Amino acid sequence: MSRIREYAKKTFLAMKNPAGSVQEVFVNALDRIGEENDCQYMGVKNVRQIPADLVKKLEGKGFALHTLDRHSHNGRAVDYNLHNPITGRPMTGSSSGTAINVFLGINDLGIGTDGGGSVLAPAAAVNCFGFISPLIEAGHMKQYAKLTTDGIEFYPSIGFVTRDFSTMCKAVKSILPVTGNPGEEEAVILVSRALARRLESPITGEVPAAVPEAGNRREPLIGFLEEQLQRCDVFADFEEKIDFSGLGDTVLGHFDPVTAVVQNRSGKGLIRVANMVKATALTVPVRDLSSCITLYCESTPEKTGKLLQVAAALVQPEDELIRRYFRDPAPYFEEGFTWHH
């Protein structure tokens, strides 16, 4: 009965849709995998690139399809129709609704697509975990190759958004043949200067050259990340204040020097190019708002396993105020003033 009550709360909240981030609610989600099964709730970005077979695989692992999620227009990096629930600013895109629905507690897992940061950045913007890998439905995704707004050819990766690390590990291991066991072999880690300088991190490793000051250009970041990934099992970096002081939107930034400055203040660094070098990547939220430790590796089952092992040492407790303020369904259904004649 408690599982049914929990499901009812999530479904009523999805139907109320307080952030405008839900496009469709599947009210029979629990029936699809059976009430007797231990299940979690899943939202899917409403784009054709995500195949139904992937959703069915995850349903077989205990994730119930719960919502179709709204997203930014045409893959835009900022969604001006949705707002970040914490800051009130335009929500980072393009998997904007998917990240919001996980953040609010409507879903436990979100599935999105990432071309130039479209899963990693929205997850980071609301202090959630984000993961992408070109290993997920690799053959299927290659048919969707296109150009970025700044002229770089790529095809997107599928990725996940979760509030907690255990759910992320469950989703990743349900889909990918991750290999390796904790402590089996120590990972070779490179730690960026930004991470080494700003955090007292429980991971240590060689500190390479600084991430290039690339402004709004992706090419220097692509070359840098490709070089680092060849040298290590896991490259660790830090991304700060995603879309807080600026808006990382090429459409906005391309007009003139003033708009380019706004774009350059977005806080988006290597997460913009992780997919373009076909890396597997994971964002680990930190206490700071809209900020995260980012982990990257070459896309092999072995290195993906090491990436998850490194991430496990970095997980921090969830912000209690955020949990109480946003994830209690009751305030969303409070009645207003009633006049009795």
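Scroll up a little and you will see the structure.
Residues numbered from 1 in each chain as written. Predicted model: local features only at pLDDT ≥ 70, side-chain atom pairs only at ≥ 80, totals over all residues. Heavy atoms only, no water.

Re the overall build of the chain
Across its full length, the chain carries 13 helices and 14 strands. Across the 341 residues of the chain, 53% fall into the buried class. Considering only residue pairs separated by 6 or more positions, the chain has 71% of its internal contacts joining residues 24 or more positions apart. (Helix = DSSP H or I, 4+ residues; strand = E, 2+ residues; numbered from the N terminus. Buried < 20%, exposed > 50% of the residue type's maximum accessible area, 1.4 Å probe, protein only. Contact = heavy atoms within 4.5 Å.)

Considering unusual backbone geometry
Here the residue pair glycine 93 and serine 94 is connected by a cis peptide bond, since its omega of -5 degrees sits within 30 degrees of zero. Looking at the element boundaries, serine 94 is found in the loop between β5 (90-92) and α4 (96-103). Phi is positive for asparagine 74, which is not a glycine, with a value near 55 degrees. Tracing the backbone through its elements, the reader meets asparagine 74 in the loop between β3 (63-69) and β4 (78-83). By relative accessible area, asparagine 74 is classed as exposed at 63%. In this model, lysine 241 sits at a positive phi of 55 degrees, which is unusual for a non-glycine residue. Tracing the sequence through the fold places lysine 241 in the loop between β12 (234-239) and α10 (250-253).

Points about the packing of helix α7 (residues 165-175) against helix α12 (residues 301-312)
For the pair α7 and α12, the least separation of the axes is 11 Å and the interaxial angle reads 175 degrees. Comparing their axes, α12 and α7 come out roughly antiparallel. Where α7 abuts α12, its residues Phe165, Cys169, Val172 and Lys173 lie against Leu308, Ala311 and Ala312. Class assignment for the residues of the contact of α7 with α12 results in six nonpolar, no polar and one charged. (Axes fitted to C-alpha atoms, helices over the stretch in contact; angles between N-to-C directions. Parallel < 35°, antiparallel > 145°, perpendicular 65-115°, else oblique. Nonpolar A, V, L, I, M, F, W, Y, C, P; charged D, E, K, R; others polar.)

Examining the pattern of salt bridges
For the structure shown, the criterion picks out 12 salt bridges. Close ionic contact of lysine 303 with glutamate 298 constitutes a salt bridge, the shortest N to O distance being 2.8 Å. In this structure, glutamate 318 and arginine 327 form a salt bridge, with 1.9 Å as the shortest nitrogen-oxygen distance. With relative accessibility at 17%, the residue arginine 327 sits in the buried group. Shared partners join several salt bridges into a network, and the residues in it are Lys10, Asp108 and Arg163. (Salt bridge = Lys/Arg side-chain N within 4 Å of Asp/Glu carboxyl O.)

Concerning the sheet that holds strand β2 (residues 40-45)
Note: strands within a sheet are paired through backbone hydrogen bonds, in either parallel or antiparallel orientation. Strand order in the open sheet formed by 10 strands is β1-β3-β2-β6-β10-β7-β13-β14-β12-β11, and the pairing between neighbours is mixed. Sheet topology places β1 (22-25) and β11 (189-191) at the edges, where each strand pairs with a single neighbour. Sheet twist, expressed as the average angle between the axes of neighbouring strands with direction ignored, equals 25 degrees. With three bridges joining them, β11 and β12 adopt parallel strand pairing. Paired with isoleucine 189 across the bridge in β12 is valine 234. Sitting on the sheet, helix α9 (residues 219-231) is in contact with β11, β12, β13 (279-285) and β14 (292-298), with an inclination near 70 degrees to β14. (Pairing = 2+ DSSP bridges.)

Considerations on the environment of threonine 280
Checked against the element boundaries, threonine 280 lands in strand β13. What makes threonine 280 buried here is its relative accessible area of 0%. C-alpha of threonine 280 to C-alpha of threonine 300: the two residues are 20 residues apart in sequence and 8.3 Å apart in space. In terms of polar contacts, threonine 280 uses its side chain to reach the side chain of serine 299, at 2.9 Å. (Polar contact = N/O pair within 3.5 Å; in protein donor to acceptor, adjacent residues only side chain to side chain.)

Side note on α12
The end-to-end C-alpha separation of α12 is 17 Å, in line with the 16 Å expected for 12 residues at 1.5 Å each. Restricting attention to buried positions, one finds in α12 the residues Lys303, Thr304, Gly305, Lys306, Leu307, Leu308, Val310 and Ala311. (Expected span 1.5 Å × (residues − 1).)

A look at the packing of aromatic side chains
All told, the structure shown has six aromatic pairs when counted by the stated rule. The interplanar angle of 15 degrees and the centroid separation of 6.4 Å between the aromatic rings of phenylalanine 131 and phenylalanine 160 together place this pair among those described as stacked. Of the two residues, phenylalanine 131 sits in strand β7 (residues 129-133) while phenylalanine 160 sits in strand β10 (residues 157-162), which places them 29 residues apart along the sequence. Per residue, the accessibility class of phenylalanine 131 equals that of phenylalanine 160, and both read buried. (Phe/Tyr/Trp six-rings, centres within 6.5 Å; stacked < 30°, edge-to-face > 60°.)

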